[in-house]
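Listed below, chain by chain, are the residues.
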Amino acid sequence: MSQEALNILEIFVIPAVVGLIIQIACLKSKKASKILMITVLVMAAAAWACALLINTHGNEGLGILAIMFSLIAAGSAAAFAVIGIIRKLKNK
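Quick caveat, the model's predicted, so the values are computed rather than measured.

Visitor: How would you sum up the overall build of the protein chain? Please name residues and give values.
Guide: For the protein chain, the helix and strand inventory stands at three helices and zero strands. Going from N to C terminus, the protein chain has its helices and strands arranged as α-α-α. By the compact-globule yardstick of 12 Å for 92 residues, the protein chain is too spread out, its C-alpha radius of gyration being 16 Å. Counting only C-alpha atoms, the protein chain reaches 55 × 35 × 15 Å along its principal axes. Scored against the burial criterion, the 92 residues of the protein chain give a buried share of 18%. The long-range fraction of contacts in the protein chain, counting pairs at least 24 apart against all pairs at least 6 apart in sequence, stands at 66%. When the accessible area of the protein chain is evaluated, it comes to approximately 6400 Å², of which 74% is carbon and sulfur surface.

What follows is the structure, given as structure tokens:
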């Protein structure tokens, strides 16, 4: 596999899958799922704040980290929404 494909996989795909897996692991408890969602969103916001506020010329590490945390949050939010829809359909 080429280096560009590995970079895309490591930066974009794996964090989203990790967010999905973490949210699915909290499937049994609504409270744990909500706490996880809030925690992941706070971590993503903190990562973006660090990337924007800390002056690091020539180093894109904090920006990549912020993107990765955002994708973890997006994967977790997608799983949270799907789980919520499934629970509502089962209760009808």
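Visitor: Tell me about the packing of helix α2 (residues 30-53) against helix α3 (residues 61-91), residues and numbers included.
Guide: The interhelical angle for the contact between α2 and α3, taken along N-to-C directions, is 160°, at an axis separation of 8 Å. Considered as vectors, α2 and α3 are oriented roughly antiparallel to each other. As α2 packs across α3, the resulting crossing turns out to be left-handed. Tallied by class, residues from the contact of α2 with α3 come to 19 nonpolar, four polar and three charged.

Visitor: Which residues make up helix α1 (residues 3-25), and what are the values?
Guide: Between the first and last C-alpha of α1 there are 31 Å, a value that for 23 residues agrees with the 33 Å anticipated at 1.5 Å per step. Largest kink in α1: about 40°, centred on L9. Regarding α1, the residues found buried are I11, P15, G19 and Q23. On the buried face of α1, the contacting elements are α2 and α3.

Visitor: Would you mind going over the nonpolar core in detail, with residue names and values included?
Guide: Judged by nonpolar contacts, L36, V40, A44, I72 and A73 together constitute the single largest core of five residues. At the level of secondary structure, the elements contributing two or more residues to this core comprise α2 and α3. Among the elements that take part in this core, α2 stands out by supplying three residues, more than any other. With residues up to four places along the chain from it excluded, the contact list for L36 reads I22, Q23, C26 and S76.

Conventions and cut-offs
Note that residues are indexed from 1 along each chain, following the sequence as it is written. Predicted model: local features are reported for residues with pLDDT of at least 70 only, side-chain atom pairs are reported and counted for 80 or more only, and whole-chain, interface and lining totals are derived from all residues. Water and hydrogen atoms play no part in the side-chain values, which are based on all heavy atoms of the structure. Helix and strand definitions follow DSSP, with helices as H or I runs of at least four residues and strands as E runs of at least two, each counted in order from the N terminus. Atoms counted for the radius of gyration: C-alpha only. Globule rule: 2.2 Å times the number of residues to the power 0.38. Exposure is judged per residue with a 1.4 Å probe applied to protein chains only, and the accessible area is read against the type maximum: over 50% gives exposed, under 20% gives buried, and values in between give partly exposed. By definition in these notes, contact holds between two residues if any of their heavy atoms fall within 4.5 Å. We get accessible surface area from the Shrake-Rupley algorithm with a probe of 1.4 Å; when it comes to residues, only the shown protein chains can shield them. All axes are obtained by fitting lines to C-alpha atoms, using only the stretch in contact for helices, and the reported angles, taken between N-to-C directions, cover 0 to 180 degrees. Angles are sorted into four bins: roughly parallel if under 35 degrees, roughly antiparallel if over 145, roughly perpendicular if 65 to 115, and oblique for all others. The hand of a helix crossing depends on one turn: near helix anticlockwise from the far one by less than a right angle means left-handed, and clockwise means right-handed. Charged means Asp, Glu, Lys or Arg here, nonpolar means Ala, Val, Leu, Ile, Met, Phe, Trp, Tyr, Cys or Pro, and polar covers whatever is left, Gly included. Expected span, for any helix, means 1.5 Å times one less than how many residues it has. Note that bend, as reported per residue, equals the angle between axes fitted to the 7 residues terminating at that residue and the 7 residues originating from it. Residues grouped as a nonpolar core are buried Ala, Val, Leu, Ile, Met, Phe, Trp, Tyr and Cys residues, joined through side-chain atoms within 4.5 Å.

By themselves, these are just geometric observations and shouldn't be taken as functional.
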